[in-house]
Amino acid sequence: MRITGISTHVVGTPWRNLTYVLVHTDEGLTGVGETRMLGHTDALIGYLKEAEANHILGSDPFAVEDLARRMKYGDYGRAGEIVMSGIAVVEMACWDIKGKALGVPVWQLLGGKVTDKVKAYANGWYTTERTPEAYHKAARGVMERGYRALKIDPFGTGHFELDHQQSLYAVSLIEAVRDAIGPDAELMLEMHGRFSPATAVRLAKELAPFKPAWLEEPCPPENLKALEKIAAKVDIPVATGERIHDRIEFRELFESQAVDIIQPDVGHIGGIWETRKLAATAEAHYVLVAPHNVGGPVLTAASLQVGFTTPNFKILEHFNDFADAEIKKVVKGAPEVIDGYFHLSDEPGLGVELDVEAAAEFPQQQARFDLWAEGWEQRKPKAAEQ
């Protein structure tokens with residue numbers, strides 16, 4: 001079997017474009033991959049056009065490791081977010097083809113299941129007025145849909161510092177959310193790399209009474225010494241890793257002992273196999289895995305293949321019940337959260353199929369997501385409303 005070509009399909013919303021890639025073969029089998037790029041969708045498509053000619057055409061889709069390695073190193077330049085995301089979408093599609101050809105789900109090819117279900121946590125649910133009352137109501141809605149975990153960034157446009165009044169307001173939002181979800185649900189605290197170490201530590205201590213399940217990206221991700229400083233002063237588990245795009249770059253993070261949960265994005269770090277290899281290294285360091293997942297149903301399905309086979313897999317992020325929920329119709333077999341969990345599927349490959357006609361109903365947009373802009377949490381960029 002050989003790859004005869006790829007085709008790209010962009011599903012657009014005002015705040016995110018989802019790029020789907022179909023990999024076609026000479027035996028009629030087609031696989032699908034997906035990633036979400038912020039502000040670089042055209043660059044990704046441009047890279048894939050060159051990679052198709054240089055690396056992908058004529059390749060054996062079963063030889064996943066070989067193809068991914070050639071795409072990463074065959075152009076000599078150091079692979080960053082765009083290249084690693086391009087590798088990821090093609091790599092996912094190859095696993096999909098392999099599973100379909102053999103009649104088994106991808107998780108079976110990765111060593112078999114270690115669990116029948118993966119816990120989900122909700123994100124994208126607080127696209128409402130930024131008040132304790134509105135957040136309380138929205139959080140209750142998440143619980144009513146069966147979720148037992150959710151994530152929130154309550155810090156507005158905070159950057160390095162957060163003044164006393166803004167800090168008190170953030171605390172009031174978290175207090176309202178915890179009251180809405182009760183004592184047993186997990187509440188993930190997202191900081192989006194906003195703060196200096198001193199500010200992050202102060203806020204973590206002020207929010208500790210509400211029992212956050214983790215403290216995510218408390219400072220910008222480029223400075224591991226700053227993260228170590230924070231980890232040494234807080235009692236909340238620290239999570240990070242969504243903006244690291246190469247498995248090898250996690251080495252220093254593990255050595256620092258500053259992280260308890262890593263959050264690789266399957267769509268940015270080279271795909272399913274790279275994530276599974278990273279998870280094995282994390283296991284050796286007693287670190288849990290909770291992938292970043294801001295994509296649609298295909299990226300969710302790919303992330304679940306890792307989840308079902310990984311002993312140290314904690315939980316999976318999920319946006320698609322809340323933000324842009326209508327995009328679920330572009331994929332047949334989209335994974336669903338039932339009673340707070342994704343459940344094992346025996347469908348071959350990734351278990352999902354892209355509906356190209358449905359995808360065409362959501363054309364690419366000039367999507368914007370600016371965490372420093374007022375009202376960012378509503379995910380309705382002003383430019384998209386004009």
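Above this text sits the structure in question.
Anyway, here's the lowdown on the structure attached to this text. (Residues numbered from 1 in each chain as written. Predicted model: local features only at pLDDT ≥ 70, side-chain atom pairs only at ≥ 80, totals over all residues. Heavy atoms only, no water.)

A tally of helices and strands in the protein chain yields 13 helices and 14 strands. A compact globule built from 386 residues should have a C-alpha radius of gyration of about 21 Å, and the protein chain, at 20 Å, falls within 12% of that. By its C-alpha atoms, the protein chain is 60 × 45 × 40 Å across when sized along the principal axes. Considering the protein chain as a whole, with its 386 residues, one finds that 58% of them fall into the buried category. Of all intrachain contacts in the protein chain linking residues separated by at least 6 positions in sequence, the fraction that spans at least 24 positions is 73%. Summed over its atoms, the accessible surface of the protein chain is roughly 15,900 Å², and 49% of this surface lies on carbon and sulfur atoms. Separation between the mean location of the 40 positive side-chain charges and that of the 56 negative ones in the protein chain comes to 3 Å. (Helix = DSSP H or I, 4+ residues; strand = E, 2+ residues; numbered from the N terminus. Rg over C-alpha atoms; globule rule 2.2 N^0.38 Å. Buried < 20%, exposed > 50% of the residue type's maximum accessible area, 1.4 Å probe, protein only. Contact = heavy atoms within 4.5 Å. Areas by Shrake-Rupley, 256 points an atom, 1.4 Å probe, with all protein chains shown as cover. Lys, Arg positive; Asp, Glu negative; His and termini not counted. Charge placed at Lys NZ, Arg CZ, Asp CG, Glu CD.)

Once that is clear, we can look at the pattern of salt bridges. Using the criterion set out here, one finds 25 salt bridges in the structure. Note that Lys277 and Glu274 form a salt bridge whose closest N and O atoms lie 3.0 Å from each other. Here the residue Lys277 and the residue Glu274 both occupy positions in helix α10 (residues 272-284), the gap between them amounting to 3 residues, near one helical turn. Accessibility expressed as a relative area gives 13% for Glu274, which makes it buried. Taken together, the salt bridges that share partners define one network made up of Glu65, Arg247, Glu274 and Lys277. (Salt bridge = Lys/Arg side-chain N within 4 Å of Asp/Glu carboxyl O.)

Attention shifts here to the packing of aromatic side chains. What the rule picks out here adds up to 12 aromatic pairs. Plain terms: the ring middles of Trp15 and Phe319 are 5.6 Å apart, the flat faces sit at 40° to each other, and that makes the pair tilted. Of the two residues, Trp15 sits in the loop between β1 (3-12) and β2 (17-25) while Phe319 sits in the loop between β11 (316-318) and β12 (331-332), which places them 304 residues apart along the sequence. Of the two residues examined, Trp15 and Phe319, each falls in the buried class. Taking 6.1 Å as the distance between ring centres and 65° as the angle between the ring planes, the aromatic pair formed by Trp125 and Tyr135 counts as edge-to-face. With Trp125 in the loop between β4 (117-122) and α5 (132-144) and Tyr135 in helix α5, this residue pair connects regions lying 10 residues apart in the sequence. Each member of the pair Trp125 and Tyr135 is classed as buried. Within the aromatic cluster, the residues linked to one another by ring pairs are Trp15, Trp125, Tyr126, Tyr135, Phe319, Phe369 and Trp376. (Phe/Tyr/Trp six-rings, centres within 6.5 Å; stacked < 30°, edge-to-face > 60°.)

Let us look at unusual backbone geometry. Even without glycine at this site, His192 takes up a positive phi of about 55°. The topology assignment puts His192 in the loop between β6 (186-190) and α7 (197-207). On the basis of relative accessibility, which here comes to 12%, the residue His192 falls in the buried class. Here the phi dihedral of Asp324 falls at roughly 55°; this positive angle occurs in a residue that is not glycine. With respect to the helices, strands and loops of the structure, Asp324 is situated in the loop between β11 and β12. A residue is classified by how much of its surface remains accessible, and Asp324, at 13% relative accessible area, is buried.

So, on to the pairing of strand β5 (residues 149-152). Residue alternation in β5 divides its side chains into two sets, Ala149 and Lys151 and Leu150 and Ile152, and both sets are buried. In the sheet, β5 pairs with β6 via 4 bridges, with the strands oriented parallel. Each bridged residue has a counterpart across the sheet, and for Ile152 the counterpart in β6 is Leu189. Read from β5 through helix α6 (residues 164-181) to β6, the crossover connection turns out right-handed. (Pairing = 2+ DSSP bridges. Right-handed = clockwise from strand over helix to strand, strands pointing away.)

To continue, consider the side chain of Asp153. Position of Asp153 relative to the elements: it lies in the loop between β5 and α6. When its relative accessible area of 1% is taken as the criterion, Asp153 is described as buried. A distance of 2.7 Å separates the side chain of Asp153 from the side chain of His192, its partner in a polar contact. Apart from residues no more than four positions distant in its own chain, Asp153 is found in contact with Tyr126, Glu190, Met191, His192, Arg194, Leu371 and Trp376. (Polar contact = N/O pair within 3.5 Å; in protein donor to acceptor, adjacent residues only side chain to side chain.)

Another point: helix α2 (residues 64-73). If you check which residues of α2 are buried, you get Val64, Leu67, Ala68, Met71 and Lys72. Across the axial projection of α2, the buried residues extend over an arc of 130°, all falling on one side. Packing partners of the buried residues in α2 comprise β1, α1 (41-56) and α3 (81-102). (Arc of directions from axis to C-beta.)

On to the sheet that holds β1. Across the sheet, 3 strands lie side by side as β1-β2-β3; this open sheet has antiparallel pairing. One side of each edge strand has no neighbouring strand; the edge strands of this open sheet are β1 and β3 (30-37). Sheet twist, expressed as the mean angle between neighbouring strand axes with direction ignored, is 20°. Across 8 bridges, β2 lies against β3 in antiparallel orientation. Its bridge partner being in β3, Val23 is matched across the sheet by Gly31. (Axes fitted to C-alpha atoms, helices over the stretch in contact; angles between N-to-C directions.)

Here the focus is the packing of α1 against α2. Interhelical geometry of α1 versus α2 gives an angle of 120° and a closest axis separation of 10 Å. By the angle between their directions, the pair α1 and α2 is classed as oblique. Every pair of crossing elements has a handedness; the one defined by α1 and α2 is right-handed. Residue-level inspection shows Tyr47, Ala51, His55 and Ile56 of α1 in contact with α2, the latter providing Leu67, Arg70 and Met71. Of the residues contributing to the contact of α1 with α2, the split by class is 5 nonpolar, 1 polar and 1 charged. (Parallel < 35°, antiparallel > 145°, perpendicular 65-115°, else oblique. Left-handed = near helix turned anticlockwise from the far one by under 90°. Nonpolar A, V, L, I, M, F, W, Y, C, P; charged D, E, K, R; others polar.)

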